[in-house]
Amino acid sequence: MMTRDIQESLNRVAALLAQAKHAIAFTGAGISTASGIPDFRSPECGLWNNVDPLAVASIYGFRQNPQAFFDWIRPLASLTLNANPNAAHYALAKWEAKGLLKAVITQNIDMLHTRAGSKRVYELHGHLREATCIHCFTVYAAVPLIQQFIEDGVVPHCPKCGSVIKPNLILFGEQLPARELMAAKEAARNADLVLVIGSSLEVFPAADLPLLAQRNGAKVVIINLEPTRFDSLAYLVLQADAAVVLPQIVHRMELSQ
Ligand code: NAD
Ligand code: ZN
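Every chain's residues receive numbers from 1 upward, in the order its sequence appears when written. Lettering of chains starts at A and numbering of ligands starts at 1, both following the order in which they are written. In keeping with the predicted nature of the model, local features appear solely for residues at pLDDT of at least 70, side-chain atom pairs appear and are counted solely at 80 or more, and the whole-chain, interface and lining totals rest on all residues. To obtain the side-chain values, all non-hydrogen atoms of the structure were used and water was disregarded.

(A) Structural view of the coordination of the zinc ion (ligand 2). For Na, K and Ca the donor cut-off is 3.2 Å; for every other metal, N, O and S atoms count as donors within 2.8 Å. Water does not enter the count, which can leave sites looking incomplete. Taken together, the protein ligands of the zinc ion (ligand 2) are Cys 133 (SG), Cys 136 (SG), Cys 158 (SG) and Cys 161 (SG), with distances of 2.3 to 2.4 Å. Around the zinc ion (ligand 2) sit 4 donor atoms; with metal-centred angles ranging over 96 to 120°, the donor geometry is tetrahedral. In the primary structure, the donors to the zinc ion (ligand 2) are separated according to the pattern C-x2-C-x21-C-x2-C. Note that Cys 133 is positioned in strand β4 (residues 126-133) and Cys 161 in the loop between α7 (142-152) and β6 (165-169), a separation of 28 residues in sequence. Angle rules define the geometry names used: all angles between 85 and 135 degrees makes four donors tetrahedral, while opposite donors over 155 degrees apart and all other angles between 65 and 115 make four donors square planar and six octahedral, leaving every other case irregular. Going along the chain from the N terminus, every DSSP run of H or I of four or more residues is numbered as a helix, and every run of E of two or more is numbered as a strand.

(B) Fine view of the domain arrangement of the chain. Taken domain by domain, the chain holds domain 1 (1-37 + 85-125 + 176-257) and domain 2 (38-82 + 126-169). For the domain bounds, the source is a domain assignment made automatically or taken from a database. Measuring from the centre of the C-alpha atoms in domain 1 to the corresponding centre in domain 2 gives 27 Å. Buried area: the accessible surface (1.4 Å probe) lost by two parts on joining, summed over both. Looking at the side of domain 1 facing domain 2, the largest losses of area belong to Ile 37, Ile 109 and Met 111, adding up to 46% of the total buried there. Between Lys or Arg on one side and Asp or Glu on the other, a salt bridge is scored when a side-chain nitrogen of the former is within 4 Å of a carboxyl oxygen of the latter. The salt bridge partner of Glu 123 is Arg 129, with a shortest N-O separation of 2.8 Å. For this analysis, a polar contact is any N or O atom pair within 3.5 Å, provided that within protein one partner can donate a hydrogen and the other can accept it, and provided that sequence-adjacent residues contribute only side-chain to side-chain pairs. The interface formed by domain 1 and domain 2 holds 4 residue pairs in polar contact (both at pLDDT 80 or more) in total.

Here is the structure:
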């Protein structure tokens, strides 16, 4: 059952999307929870319990103790490799295919947007497709390395030089990939509508992008289970499950065509 408020908001989002000339999506871990990958902030997921993020998930921590990093990421990597896109990822891919959405800017490393068929995806925090030797910078396909690690728990080492191999995801203390960030900023500047989906908007500089869009005249719609720090600035806030409401918006737009 959905309240009338939510029904009304869904109609408004559908109308905004139909009218927009340059709509983009900005997504976070919350778009993938329905695929079985926990976000970082839900208390029950345990990913941040008993760990100091700066100790394990930072580039300094990684260099000091790669084993601790790999042990921490192991359950997340395992869930990610076994996950499939959900209805929210498919909704975004469908809107792009119909010309209603220009790009997806994501903080996720799970690759589920591209697997759902989205073409223009800016992965600000990297991905688990590739991994790079921290010494000689040889690039490897990440999935077999990660699968091996999930099985045996042994940190992957470079066959060429013997150094540790790091998945191509961005840790605390690392720069965001320059080309992706520039392209994402360009998309945000040009946007007239931003759908922020499943992000606490707590991680910077990524979380600056919806604000950048707003300063340039875009309407910001936030679809998130919990309140976010930018709710007061948004044009519309929908506190709802993205995997439930995005397909509902798709449905409405099909009905109104
Ligand atoms: P976050 O964990 O800070 O916030 C996620 C937000 O999504 C929360 O506010 C939560 O209420 C909301 N949410 C959860 N399930 C939802 C649903 N079904 N529908 C709507 N909203 C839902 O995530 P973030 O803002 O992306 O920042 C976390 C950082 O962790 C990012 O840098 C990201 O790289 C990384 N991360 C990625 C993944 C992934 O790739 N799937 C998973 C965990 C963390
Ligand atoms: Zn090497």
